[in-house]
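# An overview of the molecular structure
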Amino acid sequence: MTFAWWHVLVALIPILPNLWSIWHIWNHRFSSFQQKAVWLVIAVFLPVLGGLIYIFAGRRHAGEKI
């Protein structure tokens, strides 16, 4: 089996929403520290699904940028 450049692309595409979600959670204020911690735990421990859940449901809970 040979390794091609598109293997890297296929591996990175599902990870990108999760990395963006973690970055967004870290750089925005939330109403409480517990809410921020819960979103971080979801994004970290449910890698692809957690990132997508945050993008569609959690972004509206974030306040202004720190």
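Residues numbered from 1 in each chain as written. Predicted model: local features only at pLDDT ≥ 70, side-chain atom pairs only at ≥ 80, totals over all residues. Heavy atoms only, no water.

Residues annotated in UniProt with the feature "transmembrane region" (unreviewed entry) correspond here to residues 6-26 and 38-57. Its end C-alpha atoms 30 Å apart, residues 6-26 is made of 90% helix and 0% strand. Here residues 38-57 runs as 95% helix and 0% strand, with 13 Å between its end C-alpha atoms. (UniProt positions renumbered as here; feature names shortened; annotations may be inferred. Helix = DSSP H or I, 4+ residues; strand = E, 2+ residues; numbered from the N terminus.)

Secondary-structure assignment places Arg 59 in the segment after α4 (47-58). Considering only alpha carbons, one finds Arg 59 and His 28, 31 residues apart in sequence, at a separation of 9.6 Å. At 3.4 Å, the side chain of Arg 59 and the backbone oxygen of Ile 55 are in polar contact. (Polar contact = N/O pair within 3.5 Å; in protein donor to acceptor, adjacent residues only side chain to side chain.)

Ranked by size, the top nonpolar core spans 7 residues in total: Ile 25, Phe 30, Trp 39, Leu 40, Ala 43, Tyr 54 and Ala 62. At 3 residues, helix α3 (residues 33-45) tops the list of elements feeding residues into this core. (Core = buried A, V, L, I, M, F, W, Y, C linked by side-chain atoms within 4.5 Å. Buried < 20%, exposed > 50% of the residue type's maximum accessible area, 1.4 Å probe, protein only.)

Moving on, we come to the packing of helix α2 (residues 15-26) against α3. The geometry of α2 relative to α3 is characterised by a closest axis approach of 10 Å and an angle of 165° between their N-to-C directions. Here α2 lies roughly antiparallel to α3, going by the angle between them. When the axes of α2 and α3 are compared, the crossing they make is left-handed. Along its contact with α2, which presents Asn 18, Ile 22, Ile 25 and Trp 26, the element α3 presents Lys 36, Trp 39, Leu 40, Ala 43 and Val 44. Split into classes, the residues belonging to the contact of α2 with α3 amount to 7 nonpolar, 1 polar and 1 charged. (Axes fitted to C-alpha atoms, helices over the stretch in contact; angles between N-to-C directions. Parallel < 35°, antiparallel > 145°, perpendicular 65-115°, else oblique. Left-handed = near helix turned anticlockwise from the far one by under 90°. Contact = heavy atoms within 4.5 Å. Nonpolar A, V, L, I, M, F, W, Y, C, P; charged D, E, K, R; others polar.)

The next thing to look at is the UniProt feature "domain: Cardiolipin synthase N-terminal" (unreviewed entry) in the protein chain. This chain's UniProt record puts "domain: Cardiolipin synthase N-terminal" (unreviewed entry) on residues 18-59. Regarding residues 18-59, the helix share stands at 81% and the strand share at 0%, and the terminal C-alpha atoms are separated by 13 Å.

Our next topic: the environment of Pro 14. Note that Pro 14 resides in the loop between α1 (5-12) and α2. Considering only alpha carbons, one finds Pro 14 and Ile 55, 41 residues apart in sequence, at a separation of 13 Å.

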